Amino acid sequence: MYTNLKECLNKKGLSYNAAAKILGMPEPTFRTKVQERSFSVEEAFAIKENLFPELDFAYLFKRSADQ
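Conventions adopted
Residues numbered from 1 in each chain as written. Predicted model: local features only at pLDDT ≥ 70, side-chain atom pairs only at ≥ 80, totals over all residues. Heavy atoms only, no water. Phe/Tyr/Trp six-rings, centres within 6.5 Å; stacked < 30°, edge-to-face > 60°. Helix = DSSP H or I, 4+ residues; strand = E, 2+ residues; numbered from the N terminus. Buried < 20%, exposed > 50% of the residue type's maximum accessible area, 1.4 Å probe, protein only. Core = buried A, V, L, I, M, F, W, Y, C linked by side-chain atoms within 4.5 Å. Contact = heavy atoms within 4.5 Å. Arc of directions from axis to C-beta. Axes fitted to C-alpha atoms, helices over the stretch in contact; angles between N-to-C directions. Parallel < 35°, antiparallel > 145°, perpendicular 65-115°, else oblique. Nonpolar A, V, L, I, M, F, W, Y, C, P; charged D, E, K, R; others polar.

A. The arrangement of the packing of aromatic side chains in detail. Overall, the coordinates contain 7 aromatic pairs when judged by the stated rule. Aromatic side chains F39 and F61 sit 6.1 Å apart centroid to centroid with 75° between the ring planes, which places their arrangement in the edge-to-face category. Of this pair, F39 sits in the loop between helix 3 (27-35) and helix 4 (41-51) while F61 sits in the segment after helix 5 (57-60), and the two are 22 residues apart along the sequence. Exposure class is identical for F39 and F61. Each is buried. Geometrically, the ring pair formed by F57 and F61 is tilted, given 5.1 Å between the ring centres and 40° between the ring planes. A relative accessible area of 13% places F61 in the buried class. Aromatic rings pair up to connect Y2, Y16, F30, F39, F45, F57 and F61 into one cluster.

Here's what the structure looks like:
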């Protein structure tokens, strides 16, 4: 799970649905990628550039210890 990404979405008040719309992907796909899978490189860059340009890439996409 991308714990930092999830926390950053919450801090900005962005739902999975809102973030998915910005990225042009279905909400269930976005949710699954945050919780269980991985984002493509292109998707990760789009998330950083469009939602969190102020954050460090490595911080944002660090996996939680249980992965």
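B. Highlighting the nonpolar core. Core analysis: the biggest nonpolar cluster contains 19 residues, and L5, L9, F30, F39, I47, F52 and F61 have the highest contact counts within it. Broken down by element, the residue count for this core peaks at 4 residues, all from helix 2 (residues 16-23). Not counting the four nearest positions on each side in its chain, I47 is found in contact with L5, L23, F30, F39, F52, L60 and F61.

C. Spotlight on helix 4. Turning to helix 4, its buried residues are A44, I47, K48 and L51. When helix 4 is viewed along its axis, its buried side chains cluster within an angular range of 105° and face the same direction. Residues of helix 4 that are exposed and point over 90 degrees away from its buried face: V41, E42 and E49. Taken together, the buried residues of helix 4 touch helix 1 (3-11), helix 2, helix 3 and helix 5.

D. Fine view of the packing of helix 2 against helix 3. Relative orientation of the contacting elements helix 2 and helix 3 amounts to 105°, with a least axis distance of 8 Å. With respect to each other, helix 2 and helix 3 are oriented roughly perpendicular. Every residue of helix 3 that contacts helix 2 at Y16, N17, A19, A20 and L23 is listed here: E27, F30, R31, V34 and Q35. A breakdown of the residues in the contact of helix 2 with helix 3 according to their chemical character gives 6 nonpolar, 2 polar and 2 charged.

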